[in-house]
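# Per-entry structural report
As a plain string of letters, each chain reads:
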Amino acid sequence: MDDQLSRVFSALADPIRRDMVARLAVGDATVNELAEPYSVTVQAVSKHLKVLEDAGLVSRSKQAQRRPVHLEAEVFDLMTKWIERYRQEAEQRYRRLDAVLAEMAETSGTAATPERTRIEGEAS
């Protein structure tokens, strides 16, 4: 996996990492703060953070003795653009299907409305 989008989706495949991202959306946190709610070691949390960091989802800064973890929100723009592209394509397909169904209904002389279909289905 050498492209960033693949690394991001792979990193977010784990529920603990998704939860960490959700918590970091509220505010920066240290490794110990992130480890608190989980029944895993701080080392395991650090490994999860390394995966998130390699994907570009988080960064760590050094403030005196603290090393807070920060969510890099720009990465979500990459994901959003990718998802939006396919959402628009699917929406266009549904619009074309709706147009074909409407044309078929006009040709057959019946209106294919959800209400009519439901009533006809109940009568059967």
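Up top is the structure these notes are about.
Notes on the structure in this doc start here.

About the criteria used
Residues numbered from 1 in each chain as written. Predicted model: local features only at pLDDT ≥ 70, side-chain atom pairs only at ≥ 80, totals over all residues. Heavy atoms only, no water. Phe/Tyr/Trp six-rings, centres within 6.5 Å; stacked < 30°, edge-to-face > 60°. Axes fitted to C-alpha atoms, helices over the stretch in contact; angles between N-to-C directions. Helix = DSSP H or I, 4+ residues; strand = E, 2+ residues; numbered from the N terminus. Parallel < 35°, antiparallel > 145°, perpendicular 65-115°, else oblique. Contact = heavy atoms within 4.5 Å. Nonpolar A, V, L, I, M, F, W, Y, C, P; charged D, E, K, R; others polar. Buried < 20%, exposed > 50% of the residue type's maximum accessible area, 1.4 Å probe, protein only. Arc of directions from axis to C-beta.

What follows covers the packing of aromatic side chains. With the rule as written, the count across this model stands at two aromatic pairs. Members of the aromatic cluster, connected to one another through ring pairs, are Phe 9, Trp 82 and Tyr 86.

This next bit is on the packing of helix α1 (residues 4-11) against helix α5 (residues 74-108). Where α1 meets α5, the closest approach of the two axes is 10 Å, and the angle between their N-to-C directions is 100°. Judged by the angle between their axes, α1 and α5 are roughly perpendicular. On α5, the residues that touch Gln 4, Leu 5, Val 8 and Phe 9 of α1 are Val 75, Leu 78, Met 79, Trp 82 and Ile 83. Looking at the contact of α1 with α5 residue by residue, the classes come out as eight nonpolar, one polar and no charged.

This part is about the environment of Ser 10. One can find Ser 10 in helix α1. As for Ser 10 and Leu 52, which are separated by 42 residues in sequence, their C-alpha atoms are 9.3 Å apart.

Once that is clear, we can look at α1. Regarding α1, the residues found buried are Leu 5, Val 8 and Ala 11. Down the axis of α1, the buried side of the element spans an arc of 130°, and every buried residue falls inside it.

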